[in-house]
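Below are the chains, spelled out letter by letter.
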Amino acid sequence: MSSSGLAVEEIKSLSEAHPKPADIQFQYGTAGFRTLGSVLDSVMFRVGIIAGLRSKKCDGRTVGVMVTASHNPEPDNGVKLVDPKGEMLEASWESYATRLANATTNDEVIKTIESIVETAKIDLSKPAKVVYARDTRPSGPTLVSALEDGFKAIGVEPRNAGVTTTPVLHYLVRAINTKGERCSYGEDSEEGYFSKLGDAFKKLVTGRPAASPLIIDCANGVGAPAAEKLSELLGNSLPIILENTDITTKDVLNNGCGADYVKTSQKLPPSLANKLQPGQRACSLDGDADRLIYFYLDNRGAFHMLDGDKIAALVAAFIVELVKLAGLEGLIKVGVVQTAYANGASTKYLSERLPVKCVPTGVKHLHHAAERYDVGVYFEANGHGTVLFSQVTMETLAQHQPLSPAQSRALEHLISLTELINQTVGDALSDMLLVEVVLSYKSYSGIEWDSLYVDLPNRLVKVVVADRNAFKTEDAERRLVSPEGLQQKIEGLMNRYQSGRSFVRPSGTEDVVRVYAEAAIKSQADELAFRVAGLVYDEAGGDPANRPKEFL
Ligand code: G16
């Protein structure tokens, strides 16, 4: 032990086994570190150390580490940290994580840790506790070993939650830290999570007509075993058919299936082509089960997608209705948080009814903005989102004296919703149950839900560029400030299309720049997106020989 309180020699010797690749700069991005699994060993080791330091900083409360690359292709992997209340890592710590991940030598690793300890005023004598889990990616076990070496180096008391979903890990963190307290979040186990959700769901649908079977596309990921457990628990209260549940075959994860495939390609996963009946409800999870997209086929077999925006509209309207029915109008205000990806038609629909805020991409931004409402409904169009009930709202619900049986029922429903919804983070399975509850109460099929408003046709395009960090944005990512002059060119294009809107931003999870475009007509939305993609490609110095042929 050195005078600084660090086990310097032990850290150095463990660090020796996890050298940083010389040519890679790592960055804690939208959802932690995320890149090819094969280059993440040193990052995992160092994240183990950061997690220990974070727990010490939080007075020994448990923090979480999730090893996943979520919607990314199978060879990718990643890691994100979860703070004691179950939410994303505090933003100021992201730069500590980035600094440590990029330290080049063992000495620099020690120096960086010492500097973090000093800057963040960490008392190293405090205990450190970390709960961690991984998804089903083949690179997971080796990366978890590196993470465990990091725990050893800094003296963490670890708890391995095994292979599970990102939302379960977030749940566990909050449940562990609230154990035995008045605000206990639930039993601190995966079973505790499932029974919390399952019990609340059954309570909410008691007496409702039986639901028809729902197809779940599990993206061949960790959502498959999780959905299976949930399905067993729900029994007849929600008949479920699981598809894309292969978690052992190589390269099938998120491949031609899953929430990102459906949202980006706006198509049915090919594996469901002969299984989904017209009018039947289906939904897709992503690789770590924190995103949810619904869809259905109409009578003519045409595909219709119900994305995060449609989920927000459905859920927000339902909560507003219950608040009114419970006699709490005026006492509880509901608000919605979206990002620039929200379809213009959804923003129009919602802002005519409720306060709506637009924030940059990334759950952490949405979550914090939603905390400012009594009930904050936040969803990214990609299906990532949840609903937050403030502490004051929880107390209002607990103390409210209903004046009629109708008020009492609505109040009970609201209280059950606070149990059903995973308030720590977007959770595909919890959101799915929430959607099913609303559809049941409203007697909606996908068609009625879809008709709340009509989406503007839209298109998402990825552009591979040499340096995505050259693209900088402002105004919740709706405008580019660099490269200089590009925003004016984009606006010039936008103005040529009816209801045209487009924006460009660097991805925080993939090495690409993303282009979004919408317009009144599908062909025009596509044309606008490919024109803007072409501009971005050329502006970033893309090789004309490799220019994708669809770029205009
Ligand atoms: C993560 C974040 C989401 C974000 C998505 C895409 O999702 O948690 O908030 O929308 O990445 O981010 P970007 O466009 O910056 O790549 P997931 O489901 O992959 O963890």
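Residues numbered from 1 in each chain as written. Predicted model: local features only at pLDDT ≥ 70, side-chain atom pairs only at ≥ 80, totals over all residues. Heavy atoms only, no water.

- The chain has the name Phosphoacetylglucosamine mutase in an unreviewed UniProt entry, where Marasmius oreades is given as its organism.
- Its UniProt record gives the chain the following Function (unreviewed entry) comment, quoted word for word: "Catalyzes the conversion of GlcNAc-6-P into GlcNAc-1-P during the synthesis of uridine diphosphate/UDP-GlcNAc, which is a biosynthetic precursor of chitin and also supplies the amino sugars for N-linked oligosaccharides of glycoproteins."
- Here is the UniProt Sequence similarities (unreviewed entry) comment for the chain, exactly as written: "Belongs to the phosphohexose mutase family." (UniProt positions renumbered as here; feature names shortened; annotations may be inferred.)

## Considerations on the overall build of the chain
- On a plain count of helices and strands, the chain comes out with 18 helices and 19 strands.
- The C-alpha atoms of the chain give 23 Å as radius of gyration, which agrees with the globular expectation for 552 residues (24 Å, within 12%).
- Dimensions of the chain, computed from the C-alpha atoms along their principal axes, are close to 65 × 60 × 45 Å.
- Here the chain holds 552 residues, and 58% of them are scored as buried.
- For the chain, the computed accessible surface area is about 21800 Å², with 51% contributed by carbon and sulfur atoms.
- In the chain, 59 side chains carry a positive charge and 70 a negative one; their mean positions are 3 Å apart. (Helix = DSSP H or I, 4+ residues; strand = E, 2+ residues; numbered from the N terminus. Rg over C-alpha atoms; globule rule 2.2 N^0.38 Å. Buried < 20%, exposed > 50% of the residue type's maximum accessible area, 1.4 Å probe, protein only. Areas by Shrake-Rupley, 256 points an atom, 1.4 Å probe, with all protein chains shown as cover. Lys, Arg positive; Asp, Glu negative; His and termini not counted. Charge placed at Lys NZ, Arg CZ, Asp CG, Glu CD.)

## Some words on the site of the ligand
- Near the ligand you find 20 residues, and of these His71, Glu380, Ser507, Gly508 and Thr509 are the closest.
- Note that an oxygen atom of the ligand is positioned 3.4 Å from one of the side-chain N or O atoms of Asp290.
- Arg514 has a polar side-chain atom sitting 2.6 Å from an oxygen atom of the ligand.
- Contact with the protein chains covers 98% of the free accessible surface of the ligand, which is 460 Å².
- Its residues placed into classes, the shell around the ligand shows two nonpolar, 10 polar and eight charged. (Near = heavy atom within 4 Å. Polar contact = N/O pair within 3.5 Å; in protein donor to acceptor, adjacent residues only side chain to side chain. Nonpolar A, V, L, I, M, F, W, Y, C, P; charged D, E, K, R; others polar.)

## Considerations on the UniProt feature "domain: Alpha-D-phosphohexomutase C-terminal" (unreviewed entry) in the chain
- UniProt annotation of "domain: Alpha-D-phosphohexomutase C-terminal" (unreviewed entry) refers to residues 460-533 when read in the numbering used here.
- Secondary structure content for residues 460-533 is 28% helix and 31% strand, while the C-alpha to C-alpha distance between its ends is 10 Å.

## Structural notes on the nonpolar core
- Ranked by size, the top nonpolar core spans 79 residues in total, and within it Ile319, Leu417 and Met432 carry the most contacts.
- Judged by nonpolar contacts, the second largest core, of 47 residues, contains Val47, Leu53, Leu143 and Val144. (Core = buried A, V, L, I, M, F, W, Y, C linked by side-chain atoms within 4.5 Å.)

## Considerations on the pattern of salt bridges
- Under the counting rule described, the total for this entry stands at 37 salt bridges.
- Residue Asp526 is joined to Lys522 by a salt bridge in which the shortest nitrogen-to-oxygen separation is 3.0 Å. Separated by four residues within a single helix, Asp526 and Lys522 lie in helix H18 (residues 522-539), roughly one turn from each other.
- For Asp526, a relative accessible area of 17% corresponds to the buried category.
- On the accessibility criterion, Lys522 (36% relative accessible area) is partly exposed.
- Notably, a salt bridge pairs Arg531 with Glu527, separated by 3.6 Å at the nearest N-O pair. Residue Arg531 and its partner Glu527 are located together in helix H18, separated by four residues, close to a single helical turn.
- According to the relative accessible area criterion, Glu527 is partly exposed, its value standing at 30%.
- Through salt bridges with shared partners, one network takes in Arg54, Asp83 and Glu90. (Salt bridge = Lys/Arg side-chain N within 4 Å of Asp/Glu carboxyl O.)

## Considerations on the packing of helix H7 (residues 190-205) against helix H8 (residues 223-234)
- Between H7 and H8, the shortest axis-to-axis distance is 10 Å and the interhelical angle comes to 45 degrees. Considering their axes alone, H7 and H8 lie oblique with respect to each other. Classified by chirality, the crossing of H8 by H7 is right-handed. Seen from H7, the contacting residues are Glu190, Phe194, Ser195, Gly198, Phe201 and Lys202; seen from H8, they are Ala226, Lys229, Leu230, Leu233 and Leu234.
- Looking at the contact of H7 with H8 residue by residue, the class counts come to six nonpolar, two polar and three charged. (Axes fitted to C-alpha atoms, helices over the stretch in contact; angles between N-to-C directions. Parallel < 35°, antiparallel > 145°, perpendicular 65-115°, else oblique. Left-handed = near helix turned anticlockwise from the far one by under 90°. Contact = heavy atoms within 4.5 Å.)

## A short note on the packing of helix H10 (residues 308-325) against helix H15 (residues 428-442)
- Put simply, H10 and H15 touch, their axes get as near as 10 Å, and they point 60 degrees apart. Taken together, the axes of H10 and H15 are oblique relative to one another. Of the two possible hands of crossing, H10 and H15 adopt the one that is left-handed. Residue-level inspection shows Ile311, Leu314, Val315, Phe318 and Glu321 of H10 in contact with H15, the latter providing Leu434, Val435, Val437, Val438, Leu439, Tyr441 and Lys442.
- Considered class by class, the residues forming the contact of H10 with H15 number 10 nonpolar, no polar and two charged.

## So, the sheet that holds strand E15 (residues 458-463)
- Spatial ordering of the open sheet is given by E15-E19-E18, a layout of three strands whose pairing is antiparallel. The open sheet is flanked by E15 and strand E18 (501-506), the only strands paired with a single partner. Between one strand axis and the next, the sheet turns by 15 degrees as a mean value, whatever way the strands run.
- Across six bridges, E18 lies against strand E19 (residues 513-518) in antiparallel orientation. For Val504, the partnering residue across the bridge sits in E19 and is Val515.
- Where H18 meets the sheet, it contacts E15, E18 and E19, and its direction lies at approximately 20 degrees from that of E15. (Pairing = 2+ DSSP bridges.)

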